[in-house]
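As a plain string of letters, each chain reads:
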Amino acid sequence: MLHVAAEPSRSTIANWSAAGEPGFRAGALEAGASLFIEGETVDKIYDLVSGIVRLSKMLPDGRRQILGFLFPGEIFTPSGFAISHGGCATCSADAVTAVEVVTHRLSSFDGLLASRPELTRSLLATAAKSLFMAQQQMLLLGRMSATERLVWFLLRMAEQQDVEAGEPIRLPMSRVDIADYLGLTMETVSRVFRWLRERNIIALKGATEIRIVDPGRARQIADCACSATMPRCRQ
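The shown structure was predicted, so the numbers you read here are calculated from the model rather than taken from an experiment. (Residues numbered from 1 in each chain as written. Predicted model: local features only at pLDDT ≥ 70, side-chain atom pairs only at ≥ 80, totals over all residues. Heavy atoms only, no water.)

Caption draft 1: Focus on the overall build of the protein chain. From N to C terminus, the protein chain includes seven helices and 11 strands. Sequence separation of at least 24 residues holds for 71% of the intrachain contacts in the protein chain that already meet a minimum separation of 6. (Helix = DSSP H or I, 4+ residues; strand = E, 2+ residues; numbered from the N terminus. Contact = heavy atoms within 4.5 Å.)

Shown next, in the form of structure tokens:
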């Protein structure tokens, strides 16, 4: 399982749930369990407290595109951020690892937003991050080579886990998941991993852990154009 802090940071929703606010429900799911399936009607908004969730869509020919991976503290709905009452799920959400979530009914969420301005700010920040990551993925799929895509992904995982240079990075998702997220085949992902290892840019430890041995070279490959963090304006 992905390392998390002993006391993971909670979003506004999780804090209210922990404080006993009415309308919130906490739950846990095992790895592989489905939170919702594309096309079904789900009247919930979710806050991920721990673990990793995978968002995906199936194409008519049976191929799968992973839209993204969600991490603790992220808020999401089945219909993205077009928060409609009991909206149709525009994608599927599955637990990559064991997860803990807090939910609230979407149909009664408008009233909560009106009385809790801090929640509105939290949702806007999450929506802005989602838009930024969607733009990054468009660039990744449209302009980056297979090697650049995988290195970008590894750098993003390092940033997400807040690891120092040379420390291990957990990859709990499968090679197939990584391939479907990056728009590559599993064989290509395996070949690029091998290429990076042979050049001492990364070191592999089993299938679920890597170290970026040469962060400078890795960032050079990714061209630093696809940093997974939000850019900061100069003061």
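Caption draft 2: Here's a closer look at the sheet that holds strand E3 (residues 44-50). Judged by pairing direction, the sheet is antiparallel, and its four strands sit side by side in the order E1-E8-E3-E6 without closing on themselves. Looking at the sheet topology across the chains shown, the edges are occupied by strand E1 (24-29) and strand E6 (75-76). (Pairing = 2+ DSSP bridges.)

Caption draft 3: Seen up close, the environment of Ile37. Note on placement: Ile37 falls in the loop between strand E2 (34-36) and E3. Residue class for Ile37 comes out partly exposed when judged on its relative accessible area of 48%. In the structure, Ile37 is positioned 54 residues away from Cys91 in sequence and 6.6 Å away in space, judged by C-alpha atoms. Not counting the four nearest positions on each side in its chain, Ile37 is found in contact with Ala89, Cys91 and Ser92. (Buried < 20%, exposed > 50% of the residue type's maximum accessible area, 1.4 Å probe, protein only.)

Caption draft 4: Main features of the packing of aromatic side chains. Inspection of every chain in the model, using the stated rule, returns seven aromatic pairs. Ring geometry for Phe36 versus Tyr46: centroids 5.5 Å apart, planes at 45°, classification tilted. You can see Phe36 sitting in strand E2 and its partner Tyr46 sitting in strand E3, a full 10 residues away along the chain. Since its relative accessible area comes to 1%, Phe36 is described here as buried. The rings of Phe69, Trp152, Phe153 and Tyr181 are connected pair by pair, giving a single aromatic cluster. Looking at Arg175, its charged tip hangs above the ring of Phe193, at a distance of 4.1 Å from the centre. (Phe/Tyr/Trp six-rings, centres within 6.5 Å; stacked < 30°, edge-to-face > 60°. Lys NZ or Arg CZ within 6 Å of the ring centre and 35° of its normal.)

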